[in-house]
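# Structural description and commentary
Take a look at the letters that make up each chain.
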Amino acid sequence: MDLLALGDFNLVARHGGFGKAARATGRPKATLSRRVADLESSLDLRLFERGARTLKLTEEGRALFERTGRLLAELNETASAIASGGHTPKGKLRISAPVLFSQSAMGKIAAQFSLRYPDVRLEVTTEDRHVDMIEEGYDLVIRVNPDPDESLIGRAFLRDRLVVVASPTLLRPNEGVAAPGVVRGAGEPQTWRVVTPDGPSSISIEPVLGLATLIMVRDAVRVGVGAARLPISLVAQDLAEGTLVTWGDIDGSNIALWTLYPSRRLLSSRVSAFLEFLKHAFPNGTPDELAAYIAR
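A brief structural summary. Residue numbers here run from 1 along each chain, matching the order of that chain's written sequence. Where local features are concerned, this predicted model is filtered to residues with pLDDT of at least 70; where side-chain atom pairs are given and counted, the filter is 80 or more; whole-chain, interface and lining totals use all residues. Only heavy atoms go into the side-chain values, all of them from the structure, while hydrogens and water stay out.

## Looking at the overall build of the protein
Each helix is a run of H or I in the DSSP string that is no shorter than four residues. Each strand is a run of E no shorter than two, and both are numbered from the N terminus. Within the protein one finds 10 helices and 11 strands. Radius of gyration: C-alpha atoms only; globule rule: 2.2 Å multiplied by the number of residues to the exponent 0.38. Whereas a compact globule of 296 residues would reach a radius of gyration of roughly 19 Å, the protein reaches 24 Å, over 25% beyond that. Taking the principal axes of its C-alpha atoms as reference, the protein extends roughly 75 × 45 × 30 Å. The Shrake-Rupley method, run with a 1.4 Å probe sphere, supplies the accessible areas, and residue values consider only the shown protein chains as cover. Put simply, the protein shows about 15800 Å² of open surface, and 52% of that area lies on carbon and sulfur atoms.

## A short note on helix α9 (residues 269-281)
At 3.6 residues per turn, the α-helix brings residues three or four places apart onto the same side. With 13 residues, α9 extends 18 Å between its outermost C-alpha atoms, agreeing within 8% with the 18 Å of an ideal straight helix rising 1.5 Å per residue. By the burial criterion, the buried members of α9 are Arg270, Val271, Ala273, Phe274, Leu275, Phe277 and Leu278. The span you would expect from a helix comes to 1.5 Å times its residue count less one. Accessible area is worked out with a 1.4 Å probe on protein chains only. A residue is then buried under 20% of its type maximum, exposed over 50%, and partly exposed in between.

## Focus on the packing of aromatic side chains
To pair, rings of Phe, Tyr and Trp, with the six-membered ring standing in for Trp, must have centres within 6.5 Å; the planes then decide the type, stacked if under 30 degrees apart, edge-to-face if over 60, and tilted in the middle. The tally for this structure, following the rule as stated, stands at eight aromatic pairs. Considering the side-chain rings of phenylalanine 113 and tyrosine 117, the 4.9 Å spacing of their centres and the 45° angle between planes classify their relative orientation as tilted. A residue is classified by how much of its surface remains accessible, and phenylalanine 113, at 0% relative accessible area, is buried. A relative accessible area of 22% places tyrosine 117 in the partly exposed class.

## Observations regarding the side chain of threonine 259
The residue threonine 259 is located in strand β11 (residues 245-261) in this model. For threonine 259, a relative accessible area of 1% translates into the label buried.

## Looking at the layout of surface pockets
Here the term cavity refers to a set of points on a 1 Å grid, laid over the protein atoms alone, in which a 1.4 Å probe fits but cannot get out; the term pocket refers to an open set having protein on both sides within 12 Å along at least five of seven lines, with lining residues being those that place an atom within 4 Å of a point. Grid points are joined across faces, edges and corners, and a volume is the space filled by probe spheres set on the points. Estimates place the volume of the second largest pocket at around 770 Å³. Every residue lining the second largest pocket is counted, 38 residues in all, and those nearest its centre are Pro98, Asp128, Val144, Arg184 and Ile255.

## Overview of the packing of helix α2 (residues 18-25) against helix α3 (residues 29-43)
Between α2 and α3, whose axes approach to 9 Å, the crossing angle comes to 125°. One finds that α2 runs oblique with respect to α3. The element α2 and its partner α3 pack so that their crossing is right-handed. Together, Phe18, Gly19, Ala21 and Ala22 of α2 and Lys29, Leu32, Ser33 and Val36 of α3 make up the contact between the two elements. Only the stretch in contact is used when a helix axis is fitted, and all axes are lines through C-alpha atoms; the angle between N-to-C directions ranges over 0 to 180 degrees. Here roughly perpendicular refers to angles of 65 to 115 degrees, roughly parallel to angles under 35, roughly antiparallel to angles over 145, and oblique to all remaining angles. Two helices crossing with the near one rotated counterclockwise from the far one by less than a right angle form a left-handed crossing, whereas a clockwise rotation gives a right-handed crossing. Residue contacts are defined here by distance: any two heavy atoms, one from each residue, within 4.5 Å place the two residues in contact.

## Let's talk about the nonpolar core
The term nonpolar core refers to a set of buried residues drawn from Ala, Val, Leu, Ile, Met, Phe, Trp, Tyr and Cys, joined through side-chain atoms within 4.5 Å. Membership of the largest hydrophobic core comes to 40 residues, with the highest contact counts inside it found for Phe101, Ile109, Ile142, Phe274 and Phe282. Those residues in contact with isoleucine 109 that sit more than four places away from it in its chain are Phe101, Phe274, Phe277, Leu278, Phe282 and Tyr293. Within the second largest apolar cluster, 18 residues are counted, among which are Ala13, Ala22, Leu57 and Leu64.

## Considerations on the pattern of salt bridges
Throughout this description, the term salt bridge denotes a Lys or Arg side-chain nitrogen within 4 Å of a carboxyl oxygen of Asp or Glu. Considering all chains together, one arrives at 12 salt bridges under this definition. Arginine 27 is paired through a salt bridge with aspartate 8; the nearest N and O atoms lie 2.9 Å apart. Residue arginine 27 is located in the loop between α2 and α3, and its partner aspartate 8 is located in helix α1 (residues 3-15); the two are separated by 19 residues in the primary sequence. Residue aspartate 219 pairs with arginine 218 through a salt bridge whose shortest N-O separation is 3.4 Å. For aspartate 219, a relative accessible area of 33% gives the class partly exposed.

## A closer look at the environment of alanine 227
Secondary-structure assignment places alanine 227 in the loop between α7 (214-223) and β10 (228-231). Judged by its relative accessible area of 0%, alanine 227 is buried. Sequence separation between alanine 227 and alanine 179 is 48 residues; the distance between their C-alpha atoms is 7.3 Å. Ignoring sequence-local partners within four residues, the contact set of alanine 227 consists of Val164, Val165, Ala166, Leu170, Pro180, Gly181, Val182, Trp192, Val221 and Trp247.

Next up, the structure:
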């Protein structure tokens, strides 16, 4: 198989068209088209469905792209490392991270990492959705309690838990009486099971505010409009200062933040450096460490 043609195929697939790939790389569009056509001919497969204005991967093309994209990237990274005489992190590092972690800590992490590794161009996107790492070109993703995925390798680097918090001016009602609640989006349960020093109990809520992010929820709770379920790391300083009080820990609310990547084999120096950086920032991975990092 012609590796140059395979590389051009991956280039076109990643950018979603011959024109886009040509503009992004400065390569002639005609050359890319010819190389992909030669690859299709050698494989006796149609890799793209070509419309008047659209280009779409066939089922066979998608399978080839998913299986070869990361391998080609690893080959390029290995060649670059050998050519540079070592494994000094350099080049682009694309990361997808969840909204709350990005808003509370990722800006500081990214800045400190960039100061330590100035040859790495770090790009971080913020989203809670499940991204396709290979198709969307990510080197690393950070996710909360991810589902098992045989195609990805990873580890938990931080742990957290949910607590019910409220302003000291808002008294917790008796069990069975609804408390005003601040919730994030739809689907919030109407009863929260909590654990306190006195044992397990239930808190019924009547939602009075629905907000898009947990930062917004915390800010609303500070004003005293209602109670909310929030990560302990996000409200640790408020609890320490007495601006918020806790009504109990949410029963069974174990939260883990994971770093995920496609393979340990030929792991790029950029990804390895970022993983080590997170390990150094949160050596024990506790909620207290995250709270302290946010507060600093």
